[in-house]
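A look at the structure
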Amino acid sequence: MTFLKYLFTKAFLKQLLYAVLALIILSFLILWWLRGTTNHGQKIEVPNLAKLSLDDVEDILDENDLRFEILDSANYNPDFPKYSVIEQIPKAGKFVKEDRKIYLYLNPSGYRKVTVPEVVGKTRRQAEPTLLAMGFKIGKVSYRPYIAKDELLEMRYNGEKLEPGAELQITSVIDLILGDGSGSLRQGTDGDSEGVENGEDALPEAEDDGGN
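Residues numbered from 1 in each chain as written. Predicted model: local features only at pLDDT ≥ 70, side-chain atom pairs only at ≥ 80, totals over all residues. Heavy atoms only, no water.

All right, on to the overall build of the chain then. When you go through the chain residue by residue, the secondary structure sums to 4 helices and 12 strands. Looking at the 212 residues of the chain, the share that counts as buried comes to 26%. Counting contacts in the chain only where the partners sit at least 6 residues apart, residues at least 24 apart contribute 68% of the total. Taken as a whole, the chain presents about 14600 Å² of accessible surface, with 54% of it coming from carbon and sulfur. (Helix = DSSP H or I, 4+ residues; strand = E, 2+ residues; numbered from the N terminus. Buried < 20%, exposed > 50% of the residue type's maximum accessible area, 1.4 Å probe, protein only. Contact = heavy atoms within 4.5 Å. Areas by Shrake-Rupley, 256 points an atom, 1.4 Å probe, with all protein chains shown as cover.)

Written out as C-alpha cells, the structure reads:
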C-alpha cells in the first residue's frame, strides 16, 4: 500500500480526527488557564473609602480581593475624622483587576505647625500680610501708647505673649498689639504697656488740680 492510498484509509482518517479533537481540547484548556491566571475580563469596582479608618478599609478591601498602600498624610481637613482616608487612587467607582493595590492618603491629626515669623517692630501693613500668608488668622487688634503709629509691639496667642520663632498650627488666631502714635508709653502694673483697644485714646486724663 502506497503512502498516498494510506492517507485515505479509515484508520488514518480516524487517527486524524482524534488528533484534531485533541488539539481543540488542548487549545480550549490553555485559553481557560490563561484567562484564570491573568483575570481576563474580570473587573472589580473600587469601593468608596472616604472617611473610613484603616481597620474598616482593610476589611472592605479584603472582601473585594484588593490591597492598599498608604502614600502619605494629606493636608488636614476638619470635615474628615483623624487618620481616616481623605483621598484614594484609583477613585471610587473605577474598575480594576483582582489584587490591585489602592493608594491612600490619610487625614492627619491636626493642622501642620509653622514657625511664627519675626514681625514685631514692623508696621501693621507689613505684619498682617506676612502672618496671613503663613496661614494664621488675625484676632483682636489693640493699641498702646507708643511713639510709632501702627508699629507691632507684641503678639498674643490665647492671652499669652507670643514670641517669634514659636511653632503654632496654621489657622491659629493671633492677637496684635500696636502703637497708637501718641508719642508716649505708659507701663502697666505687670510691667507691660497698657493699651486701649480699637484705637481709642490711650493717654491718661489730666488730673483736676482744682484750677491751680
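For the rest of this paragraph, the subject is the nonpolar core. Most often, soluble globular proteins keep nonpolar side chains buried together rather than apart. One finds Leu131, Phe136, Leu152, Met155, Ile174 and Leu176 to be the most contacted residues of the largest nonpolar core, which totals 16 residues. A total of 3 residues in this core trace back to one element, the largest contributor, which is strand 11 (residues 173-180). The residues contacting Phe136, other than those within four sequence positions of it, are Val114, Thr115, Val116, Pro117, Leu131, Leu168, Gln169, Thr171, Ser172 and Ile174. Formed by 11 residues, the second largest nonpolar core is a distinct cluster that contains Ile44, Val57, Leu66 and Val96. (Core = buried A, V, L, I, M, F, W, Y, C linked by side-chain atoms within 4.5 Å.)

What follows is about a nonpolar patch on the surface. A surface patch of nonpolar side chains, about 1000 Å² in accessible area, is lined by Ile25, Leu26, Phe28, Leu29, Ile30, Leu31, Trp32, Trp33 and Leu34. Relative to the helices and strands, Phe28 resides in helix 2 (residues 10-38). Note on Phe28: relative accessible area 57%, which makes it exposed. (Patch = residues over 30% accessible without salt bridge, like charges linked within 9 Å, V, L, I, M, F, W, Y side chains within 5 Å. Salt bridge = Lys/Arg side-chain N within 4 Å of Asp/Glu carboxyl O.)

Moving on, we come to the environment of Pro164. Relative to the assigned elements, Pro164 resides in the loop between strand 9 (160-162) and strand 10 (167-169). Taking the C-alpha atoms as reference points, Pro164 and Val119, 45 residues apart in sequence, are found 7.4 Å from one another. Apart from the residues within four sequence positions on either side, Pro164 is in contact with Val116, Pro117, Glu118, Val120 and Met155.

So, on to helix 4 (residues 124-133). Those residues of helix 4 lying buried are Ala127, Glu128 and Leu131. All buried residues of helix 4 fall inside an arc of 95° around its axis, so they share one side. For helix 4, the exposed residues set more than 90 degrees away from the buried face come down to Arg125 and Ala133. Directly beyond the C-terminal end of helix 4, a positive phi value near 105° is found at Gly135. (Arc of directions from axis to C-beta.)

Applying the stated criterion across every chain yields a total of 7 salt bridges. Residue Arg67 is joined to Asp99 by a salt bridge in which the shortest nitrogen-to-oxygen separation is 3.3 Å. Of this pair, Arg67 sits in strand 2 (residues 67-73) while Asp99 sits in the loop between strand 4 (95-96) and strand 5 (101-106), and the two are 32 residues apart along the sequence. The class of Arg67 is partly exposed, set by a relative accessible area of 38%. When its relative accessible area of 43% is taken as the criterion, Asp99 is described as partly exposed. Between Lys161 and Glu163 there is a salt bridge; the shortest N-O distance is 3.9 Å. Since its relative accessible area comes to 45%, Glu163 is described here as partly exposed. Sharing partners across several salt bridges, the network here consists of Arg144, Glu154 and Arg156.

For Asn107, the location among the structural elements is in the loop between strand 5 and strand 6 (113-115). On the basis of relative accessibility, which here comes to 0%, the residue Asn107 falls in the buried class. At 3.0 Å, the side chain of Asn107 and the backbone oxygen of Phe80 are in polar contact. Not counting the four nearest positions on each side in its chain, Asn107 is found in contact with Asn75, Tyr76, Asn77, Phe80, Pro81, Lys82, Tyr83, Ser84 and Ile86. (Polar contact = N/O pair within 3.5 Å; in protein donor to acceptor, adjacent residues only side chain to side chain.)

Turning next to the packing of aromatic side chains. Going through the model one piece at a time under the given rule, you end up with 1 aromatic pair. Residues Tyr76 and Tyr111 carry aromatic rings whose centres are separated by 4.7 Å and whose planes lie at 80° to one another, so their mutual orientation is edge-to-face. A residue pair is termed long-range when its members are at least 10 positions apart, and Tyr76 in the loop between strand 2 and strand 3 (85-89) and Tyr111 in the loop between strand 5 and strand 6 qualify at 35 residues. Against the face of Phe80 rests Lys51, its NZ or CZ located 5.3 Å from the ring centre. (Phe/Tyr/Trp six-rings, centres within 6.5 Å; stacked < 30°, edge-to-face > 60°. Lys NZ or Arg CZ within 6 Å of the ring centre and 35° of its normal.)

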